[in-house]
Amino acid sequence: MSDRKEEQHRITCHLDEVLQTHDVTLTELSRRTGITMANLSILKTNKAKAIRFSTLTAICEALDTSPAELFSFSPDQSFPAGTQKATARIRH
């Protein structure tokens, strides 16, 4: 069990704006991707806690867009500028 309290993520999904830009409805996106309306709605309203790469790929292909257009990251404001909180180390 982790002693770390559950944190709110700082990723924002911009699916609603991208849909408007591409003049596509959630219903149409669901039809194009095979992703349920319920799951797309969770993304659209920023209630998702995770997304599968296969789901992200399907959305990007259907809307001819990229993950960078769909998501943004808000830096943790509790750390001084220029520093980052180390959460994991990747070994090469």
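Given the structure is predicted, the values throughout are model-derived calculations rather than measurements.

Participant: Honestly, the overall build of the chain in this entry has me stumped. Any pointers?
Facilitator: Across its full length, the chain carries five helices and two strands. Residue pairs in contact within the chain that sit at least 24 positions apart in sequence constitute 60% of those at least 6 positions apart. For the chain, the exposed area adds up to about 7600 Å²; of that, 51% sits on carbon and sulfur atoms.

Participant: What am I meant to see in the packing of helix α2 (residues 26–33) against helix α3 (residues 37–44) here?
Facilitator: To describe two helices that pack against each other, one gives the angle between their axes and the distance between the axes. For the pair α2 and α3, the least separation of the axes is 9 Å and the interaxial angle reads 125°. One way to sum up the angle between α2 and α3 is to call them oblique. Considering only the axes of α2 and α3, their crossing is right-handed. In this structure, α2 contributes Leu-26, Thr-27, Leu-29 and Ser-30 to the contact, and α3 contributes Met-37, Leu-40, Ser-41 and Lys-44.

Participant: In this structure, what is going on with the environment of Ala-68? I would like to understand it.
Facilitator: Considering the arrangement of structural elements, one finds Ala-68 in helix α5 (residues 67–70). Separated by 55 residues in sequence, Ala-68 and Cys-13 place their C-alpha atoms 9.8 Å apart.

Participant: Could you clarify how one ought to interpret the nonpolar core in this entry?
Facilitator: Where a protein is soluble and globular, its nonpolar side chains tend to be buried together. Leu-15, Leu-19, Leu-29, Leu-40, Ile-59, Leu-63 and Leu-70 are the most contacted members of the largest nonpolar core, which totals 18 residues. Counting only elements with at least two residues in this core, the list comes to α1 (15–21), α2, α3 and α4 (53–63). It is α4 that contributes the most residues to this core, six residues altogether. Ignoring sequence-local partners within four residues, the contact set of Leu-40 consists of Leu-15, Leu-26, Leu-29, Ser-30, Ile-35 and Ile-59.

Reading guide: rules and limits
Residues numbered from 1 in each chain as written. Predicted model: local features only at pLDDT ≥ 70, side-chain atom pairs only at ≥ 80, totals over all residues. Heavy atoms only, no water. Helix = DSSP H or I, 4+ residues; strand = E, 2+ residues; numbered from the N terminus. Contact = heavy atoms within 4.5 Å. Areas by Shrake-Rupley, 256 points an atom, 1.4 Å probe, with all protein chains shown as cover. Axes fitted to C-alpha atoms, helices over the stretch in contact; angles between N-to-C directions. Parallel < 35°, antiparallel > 145°, perpendicular 65-115°, else oblique. Left-handed = near helix turned anticlockwise from the far one by under 90°. Core = buried A, V, L, I, M, F, W, Y, C linked by side-chain atoms within 4.5 Å. Buried < 20%, exposed > 50% of the residue type's maximum accessible area, 1.4 Å probe, protein only.

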